[in-house]
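# Descriptive structure summary
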Amino acid sequence: MEGMKIVVFNWRKEENIGEFTGLNAGLMYLLELLRTHWKIDDVAMITSDKMESIESKGIAGFRRLSSRILGPNNKITNTLRELRFSKMKCRDDILDGEILIIDHIRALLMGSHCLSNFRNKLIILHVLDYFEEYPLAKSYMIEYFRKLLIKNIKKLINKYIDIIILNSRRDLYIYREIFPKKTIIYLPTIYLPNDYVPCAYEKPKDKLIINIVHRSNVSNNFINIIINYMQKQFGTVLVRSIGKPISGAQYIPWLPTRKDFLDYLSQGHAGINFSIQHNYQSGTNVKRYDYALACNVVFTQSLSATGEQLPFEIVFIDEYDLLAKLYDKDIEFFINGGKQNLKYVLELREKSIKNFVNIFSKYI
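Here we summarise the structure given alongside this text. It should be emphasised that the depicted structure is a prediction, and the values quoted were computed from it without experimental measurement.

Cut-offs used in this document
Residues numbered from 1 in each chain as written. Predicted model: local features only at pLDDT ≥ 70, side-chain atom pairs only at ≥ 80, totals over all residues. Heavy atoms only, no water. Pairing = 2+ DSSP bridges. Helix = DSSP H or I, 4+ residues; strand = E, 2+ residues; numbered from the N terminus. Axes fitted to C-alpha atoms, helices over the stretch in contact; angles between N-to-C directions. Contact = heavy atoms within 4.5 Å. Buried < 20%, exposed > 50% of the residue type's maximum accessible area, 1.4 Å probe, protein only. Polar contact = N/O pair within 3.5 Å; in protein donor to acceptor, adjacent residues only side chain to side chain. Core = buried A, V, L, I, M, F, W, Y, C linked by side-chain atoms within 4.5 Å.

What follows concerns the sheet that holds strand β7 (residues 208-213). Pairing in this open sheet of six strands is parallel, and the strands run β9-β8-β7-β10-β11-β12 from one edge to the other. Since the sheet does not close on itself, it has two edges, and those belong to β9 (250-252) and β12 (313-316), each with one partner. Within this sheet the neighbouring strands show an average axis-to-axis angle of 25°, counted without direction. When strand β10 (residues 270-273) meets strand β11 (residues 297-301), the two strands line up parallel, connected through four bridges. Bridge pairing in β11 links Asn 273 to Thr 300. Each of β7, β10, β11 and β12 is contacted by helix α9 (residues 286-293), which is oriented at about 180° to β10, the strand it contacts most. Contacts between helix α11 (residues 331-361) and the sheet are confined to β7, β10, β11 and β12, with β11 contributing the most and set at about 90° to the helix.

Printed below as a string of structure tokens:
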């Protein structure tokens, strides 16, 4: 098949489709692989604001009200957010294309009324979480509506989806149990830009640089304790935070390209992989892989431990546990460990791309 057009159902609003998150990086990586190995003429991105209905707008209004009164993380607020996607309308003028990619479970609900119109096309579900853990976790939603959405999701996947693409090997086991007859591809988001040279910077030996990427719950107290104790061991410790101001850390609001982002991380020795959730769950692992692509040793808070473990990754429960596990380490540990992490993810990337191309070729 040559000159294919891809339609993407994206649950984000159009203004947010370029946001620098793990979920979005996974989609961009998938599209890049498709463009690299097959001829793609066009990608039509269908965002949630293009599929709004009177019902979905009404639910969104109630959600904003609930957020003000009950708080943004209240179960009612969260339930209204997820219900909104299942009430969106189909757009008949967007159905031209040989491949439909549904990005995230929210997009599956968003496009649920359109899927019957795509039956002669290849339909791919790109999902970077196990949906009963996120976004439909027990702790997150009202249970009655949660069960209704889960039932609908399973029905939609069984009826319409041809290929499921997953980011986590843990999720691979879970989805195989739930959907044993579906083609499932494991594709970790090890997103290496063509213009990025891994670990081109020589890391300083007179100080320790620790990276933090936005969307984490790293507290000011955590950082101050780490700096205070580790300076006694390493002399100078510099903590740098991208996208989120944290007291005690050097702050950089954003970086314009993925190459710039990885180059910046490469100047450091370690990266903190800290969960934004309060429960164990599957995730994209993009932050973990990005640190490895930048030759960083990874400090992983225990709630973020799910996913593929890197050769040089230290899992900790709190700041004092992290300090205890670092007490005998030196700069050479970080320099050598970062190189081993890079080697591991590049090998994993090569294997996963080969597997992806082999399976996907059978469909197109």
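So that's the structure; there's more coming.
Burial of β11 is extensive: five of the five residues sit out of reach of the surface. Residues Val 297, Phe 299 and Gln 301 line one face of β11 and the alternating positions Val 298 and Thr 300 line the opposite face, and both faces are buried.

This part takes up helix α3 (residues 75-85). In terms of burial, α3 is a largely internal element, eight of the eleven residues being buried. Listed in full, the buried residues belonging to α3 are Thr 77, Asn 78, Thr 79, Leu 80, Glu 82, Leu 83, Arg 84 and Phe 85. Against the buried residues of α3 lie α2 (54-70), α4 (105-110) and α5 (143-160). With a side-chain oxygen positioned 2.8 Å from the backbone nitrogen of Ile 76, the residue opening α3 is Asn 74.

Attention shifts here to the environment of Tyr 134. Within the fold, Tyr 134 resides in the loop between β4 (122-127) and α5. Residue classification places Tyr 134 among the buried residues on the basis of a relative accessible area of 16%. Taking the C-alpha atoms as reference points, Tyr 134 and Asn 78, separated by 56 residues in sequence, lie 11 Å from one another. At 3.4 Å, the side chain of Tyr 134 forms a polar contact with the side chain of Arg 106.

We now examine the nonpolar core. A general trend in soluble globular proteins is that nonpolar side chains are found buried together. One finds Phe 9, Ile 102, Leu 108, Phe 131, Ile 157, Ile 164 and Tyr 175 to be the most contacted residues of the largest nonpolar core, which totals 68 residues. Take this core: its biggest share by element is six residues, from α5. Ignoring any residue separated from it by four or fewer positions in sequence, one finds Phe 131 in contact with Ile 105, Leu 136, Ile 150, Ile 153, Lys 154, Ile 157, Tyr 175 and Phe 179.

It is worth spelling out the sheet that holds β4 at this point. Read across the open sheet, the six strands follow the order β2-β1-β3-β4-β5-β6; overall the sheet is parallel. Edge positions in the sheet fall to β2 (40-47) and β6 (183-186), since each has one partner strand and no second. Taking each pair of neighbouring strands and ignoring which way they run, the sheet shows an average axis angle of 20°. One ladder, built from five bridges, connects strand β1 (residues 4-10) with strand β3 (residues 99-103); its direction is parallel. Each residue of the ladder has a partner; that of Phe 9, found in β3, is Ile 102. The strands that α11 touches are β3, β4, β5 (163-166) and β6; relative to β6, the one it contacts most, it runs at about 155°.

Turning to helix α6 (residues 169-178), a few remarks are in order. Three or more residues of α6 are buried, namely Asp 171, Leu 172, Ile 174 and Tyr 175. On its buried face, α6 sits against β4, β5 and β6. Two to three positions downstream of the cap, the backbone nitrogen of Arg 170 sits 3.2 Å from a side-chain oxygen, assigning the N-cap of α6 to Ser 168.

Across the junction of Tyr 134 and Pro 135, the peptide omega takes the value 10°, indicating a cis bond. Along the chain, Pro 135 falls in the loop between β4 and α5. The phi dihedral of Cys 199 falls on the positive side, at around 55°, and the residue is not glycine. Positive phi, close to 60°, is recorded for Cys 295, a residue that is not glycine. On the secondary structure map, Cys 295 appears in the loop between α9 and β11.

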